[in-house]
Amino acid sequence: MPSSEWDDLRKLARRLENDIDLKLVAFSKVGSGGSTSTSSDSAPLLGEHIFDNLSMEIEQMLDRLSTINDKMAELPSSGTSMMIHTLQRHREILNGYRQEFSKIRANHTTRIEREELLRGSGIGNSSSSISSGGLSRRDMYLKESSHLNSSHSLINDQINIAIETKEHLTSQRQYFKRLQTRFNDISNRFPMISSLIQRINMKKRRDSLILGGVIAVCTFLLLLYAFH
């Protein structure tokens, strides 16, 4: 008897899962605004009505599937791993349907809020918005598209500036490398010049030391004379 009841609940759960799957497909199309035969621009309230009805219907079906899974879990499974695995699979399918349902509703809410925000930033004439409600939404989409295009052009300009700067720095680096190589070649070709430069530097350091010593001695003598 429990086995027969298990099979009945399992068949019912599969049938309900198939129905929920089909409903979620239609629910996703309605939520994206492109499922009904009438345009969403000309009949937005009709689309919202269909979305709300589907949302309520799917929510009831999900609750019913959850109840069926609970009944299957309450049956004595006689410890068979196959039945436990099947019940676990049905629960995973239910969780997946719930996540998909929540995702579609959240995306729909975000889309509606975005359209309301764009509509609020448009022309404030109520009479013209009522008479041209279908055109206002298309105008908003065109305006948003133009904003995106302008953003893309600005990004491209910044990328071109960065590329030109990189090329300029690369050319400067190559120029300094060539200059350093040329100096090294000159010093290697004329070792006497490099030795002469070293001697001049040594003489300058020696003269600086002598001058510093003379100044120190003079300063010491002046201080000694002043205090005596």
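Rules and cut-offs
Residues numbered from 1 in each chain as written. Predicted model: local features only at pLDDT ≥ 70, side-chain atom pairs only at ≥ 80, totals over all residues. Heavy atoms only, no water. Helix = DSSP H or I, 4+ residues; strand = E, 2+ residues; numbered from the N terminus. Contact = heavy atoms within 4.5 Å. Areas by Shrake-Rupley, 256 points an atom, 1.4 Å probe, with all protein chains shown as cover. pLDDT = per-residue confidence, 0-100. Core = buried A, V, L, I, M, F, W, Y, C linked by side-chain atoms within 4.5 Å. Buried < 20%, exposed > 50% of the residue type's maximum accessible area, 1.4 Å probe, protein only. Patch = residues over 30% accessible without salt bridge, like charges linked within 9 Å, V, L, I, M, F, W, Y side chains within 5 Å. Salt bridge = Lys/Arg side-chain N within 4 Å of Asp/Glu carboxyl O. Phe/Tyr/Trp six-rings, centres within 6.5 Å; stacked < 30°, edge-to-face > 60°.

S.K.: Even after reading the chapter, I still don't get the overall build of the protein, so can you show me in this structure?
M.R.: Per the secondary structure count, the protein includes 6 helices and 0 strands. Written out in order from the N terminus, the α and β elements of the protein read α-α-α-α-α-α. Contacts in the protein between residues far apart in sequence, at least 24 positions, make up 80% of those at least 6 positions apart. Of the roughly 17500 Å² of accessible surface on the protein, 60% is carried by carbon and sulfur atoms.

S.K.: Is there a simple way to explain the confidence of the model for the protein in this structure?
M.R.: For the protein, the average pLDDT comes to 77, and 78% of its residues sit at 70 or higher. Confidence over residues 35-43 falls short of pLDDT 50; this stretch has 11 contacts with residues more than four positions distant or in other chains. Below a pLDDT of 50 lies the segment residues 123-135, which in the model reaches 3 contacts outside its immediate sequence neighbourhood of four places, other chains included.

S.K.: Is there a simple way to explain the nonpolar core in this structure?
M.R.: Generally speaking, soluble globular proteins have nonpolar side chains that are buried together. Counting 24 residues, the largest nonpolar core has Ile20, Leu24, Phe27, Leu62, Leu65, Met72 and Tyr97 as the members making the most contacts within it. For this core, the elements supplying multiple residues, two or more each, are helix H1 (2-32), helix H2 (44-74) and helix H3 (81-120). Leaving out residues up to four positions away in the same chain, Phe27 has contacts with Phe51, Leu54, Ser55, Ile58, Phe101, Ile104 and Arg105.

S.K.: Could you clarify how one ought to interpret a nonpolar patch on the surface in this entry?
M.R.: Where nonpolar side chains cluster on the molecular surface, the patch consists of Val217, Phe220, Leu221 and Leu224 and spans about 390 Å² of accessible area. Tracing the backbone shows Leu224 in helix H6 (residues 191-227). A relative accessible area of 40% places Leu224 in the partly exposed class.

S.K.: Please explain the pattern of salt bridges as it appears in this structure.
M.R.: A side chain of one charge can pair with a side chain of the opposite charge when the charged atoms of the two come close. Tallied over the entire structure, the rule returns 6 salt bridges. With a closest N to O distance of 3.6 Å, Glu92 and Arg89 form a salt bridge. Taken together, the residues Glu92 and Arg89, both in helix H3 and 3 residues apart, mark about one turn of the helix. Its salt-bridge partner being Asp207, residue Lys203 comes within 3.2 Å of it at the nearest N-O pair. Here Lys203 pairs with Asp207, and both are found in helix H6, just 4 residues apart, close to one helical turn. For Lys203, a relative accessible area of 45% translates into the label partly exposed. When its relative accessible area of 34% is taken as the criterion, Asp207 is described as partly exposed.

S.K.: I'm lost on the side chain of Thr86 in this one. Help?
M.R.: By the element assignment, Thr86 lies in helix H3. Those residues in contact with Thr86, other than ones at most four positions away along the chain, are Trp6 and Arg10.

S.K.: Explanation requested: the packing of aromatic side chains in the structure shown.
M.R.: What characterises a pair of aromatic rings is the spacing of the ring centres plus the angle enclosed by the ring planes. Under the definition given, this model contains 3 aromatic pairs. Relative to Phe51, the ring of Phe27 lies with its centre 4.5 Å away and its plane at 20°, an arrangement referred to as stacked. In this pair, Phe27 is assigned in helix H1 and Phe51 in helix H2, connecting sequence segments 24 residues apart. Since its relative accessible area comes to 0%, Phe27 is described here as buried. Residue Phe51 is classed as buried on the basis of its relative accessible area, which comes to 5%. Among the aromatic residues, ring-to-ring pairing joins Phe27, Phe51 and Phe101 into one connected group.

S.K.: Looking at this structure, I do not really get the side chain of His108. What am I missing?
M.R.: For His108, the position within the fold is in helix H3. Not counting residues within four places of it along the chain, the set of residues in contact with His108 comprises Gly31, Glu48 and Phe51.

S.K.: How do you make sense of the environment of Asp7 when you look at a structure like this?
M.R.: As for its position among the elements, Asp7 is in helix H1. A relative accessible area of 34% places Asp7 in the partly exposed class. Taking C-alpha positions, Asp7 is 9.4 Å from Met72, a pair spaced 65 residues apart along the chain.

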